[in-house]
Amino acid sequence: MPPVSQGMVVQVPVSLSGHTLSALSLLISVPSLIASARCRSRDGLSLGTTFMPSSSSSSSASPNPTMFKSRRRFLKLFGNACTTCGARSCLGAEFQRVCEDPQCSSPSTECEENSFRKGEGGGIGRRTFGAGLTAGTVAAPFAAAEFAARALGDMPVTIEQVTPPIAPSGNLYPAEERTVDLFERNTYSVVNIFDVTLRPQVNMTGSVEVPEGNGSGFIWDAEGHIVTNYHVIGSSLARNPSPGKLVARVTLLGADGYQKNFEATLVGADRTKDLAVLKVNAPIELLRPVNLGQSSRLRVGQRCLAIGNPFGFDHTLTVGVVSGLNRDIQSQTGVVIGGGIQTDAAINPGNSGGPLLDSGGNIIGINTAIFTRTGTSAGVGFAIPIDTVAKLVPQLIVYGKVMRPGLNVQLAPEPVARQLNVRSGALVLSVPGTSAAAKAGLKPTRRGLAGNIVLGDVIVAVGESLIINSAELAKVLDGYQVGDQVVLKVQRDDSLVELPFTLEESVR
């Protein structure tokens, strides 16, 4: 192939990798020098010409793309060597001058001293190594107009070049769309509740410690009634406030995204079921009641969602499944609540009192407790079933308390019953003389003439529900209301007796 000095124009298609393209386009660091750069043509070369390798035969195949892995490789293709001193000229150099070596018989151009390094085979300075990119080829010599001045310290890159492409978000998947829609429809029904006797405190590290009395609740109706757990405002209720007294402050979320604070007064509370009802005087547009569901139709494995204010982070959504049914909940008030819903949706301090929703957006329970050894969610949370809540909340609104049905008799504790050889059923210890139980004919436990203990009636069933012990009797009676007619089946001596009974309000 004839040398470049003979005036041939050689076209070189170059396929460049991403790193090489960046090197060729970015390694220009002195904008003032670039602007004044001019290369001189010599030996018949046309400046700015795109170089392609020639082929000895016109029928030969196109050459393979040339990859430049170093400046030396670049000079081997685009530099001319002096026949005497061996110095190479950089056709793409920003500064050139005639070689000053007096022994050089064929002077050639070379780079500025501070940008040109002599050595074996010649070399090109890092600050003068650059190329203009045109349709995937290297143009040599390189016109300065093809480069934008880039000077960002010692890093010749731009923000756009180091920013990866951003993919469009696109549409949500159908399952995600349903979850988002469910949250947006129900989040306005969830409120944040602060016990007036407690205040969040900032510790020495600057973080906010949220008291246990700060929890969640939900709007029950358009009259401004708020339902929550008893223990959320337990500090205020420990002072035995009368209905209508200020016990909490409630934060409601408006359609504009801003939260409004209101004072909440006590309507009614029931420690046994860990329930409390408050009332706020808020504009009707802020009161968006929840939709009641049915907890009796729940099945293990179905999807559920919890909305609340864990650790003070308002309107937080967590998703899980119903993990179990009919669990006994050890409430923070110290009582056991039967028929609880177990879920693996994350429930933490601050979630108490918030709604547990099904996949249709209907409330199926009130988040009330977690099983944990660390104080945070361990994947075992519990909720009071909404069927129980739906029976008790109207009574709290109307009467300020729960009208709980009962027999108003004294039952033997389970250890005592076992000592008396009662293995199944609820043993009646005493019956008040003027009670409905006395009128129905229930017999108490008593002493015989010889001082021996004569067992009283043992209640073994209420209607069709079998009774194992006194705790089971209380659970069964919770399913009835005051004034309901039931049939008590009792074991008396060696016979089974049925006694019609009208349930009355429990005084215990």
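Residues numbered from 1 in each chain as written. Predicted model: local features only at pLDDT ≥ 70, side-chain atom pairs only at ≥ 80, totals over all residues. Heavy atoms only, no water.

## Quick word on the environment of Thr-368
Turning to its location among the elements, Thr-368 is positioned in strand S19 (residues 363–370). Its relative accessible area of 1% is what places Thr-368 among the buried residues. C-alpha of Thr-368 to C-alpha of Val-232: the two residues are 136 residues apart in sequence and 9.3 Å apart in space. Within the local environment of Thr-368, its side chain forms a polar contact with the side chain of Asp-274, the two groups lying 2.9 Å apart. (Helix = DSSP H or I, 4+ residues; strand = E, 2+ residues; numbered from the N terminus. Buried < 20%, exposed > 50% of the residue type's maximum accessible area, 1.4 Å probe, protein only. Polar contact = N/O pair within 3.5 Å; in protein donor to acceptor, adjacent residues only side chain to side chain.)

## A few points about the sheet that holds strand S7 (residues 190–195)
Overall, antiparallel pairing links the 6 strands, which are arranged S7-S10-S11-S14-S13-S12 in a closed barrel. Ignoring strand direction, the axes of neighbouring strands in this sheet form an average angle of 40 degrees. The sheet contact formed by strand S12 (residues 246–253) and strand S13 (residues 259–270) spans 7 bridges and is antiparallel. Within the sheet, the bridge partner assigned to Leu-252 lies in S13 and is Lys-260. Helix H7 (residues 386–399) rests against strand S11 (225–228), S13 and strand S14 (275–280) of the sheet, and its axis sits at about 50 degrees to S14. (Pairing = 2+ DSSP bridges. Axes fitted to C-alpha atoms, helices over the stretch in contact; angles between N-to-C directions. Contact = heavy atoms within 4.5 Å.)

## Quick word on the confidence of the model for the protein
Keep in mind that low pLDDT regions are not for reading the predicted coordinates in detail. Model confidence for the protein is summarised by a mean pLDDT of 75, while 64% of its residues fall at 70 or above. With pLDDT under 50 throughout, residues 88–102 is counted as low confidence; its partners more than four residues away or in other chains account for 56 contacts. Taken together, the stretch residues 207–212 has pLDDT below 50 and engages in 16 contacts with residues farther than four places along the chain or on a different chain. (pLDDT = per-residue confidence, 0-100.)

## A few points about the nonpolar core
Of all hydrophobic cores here, the largest spans 25 residues; its most connected members are Phe-218, Val-227, Leu-275 and Val-389. Those elements that provide at least two residues to this core are S14, strand S15 (303–308), S19, strand S20 (381–385) and H7. If we skip the residues at most four places from it in the chain, Val-389 touches Trp-220, Leu-275, Ile-366, Ile-384 and Pro-394. (Core = buried A, V, L, I, M, F, W, Y, C linked by side-chain atoms within 4.5 Å.)

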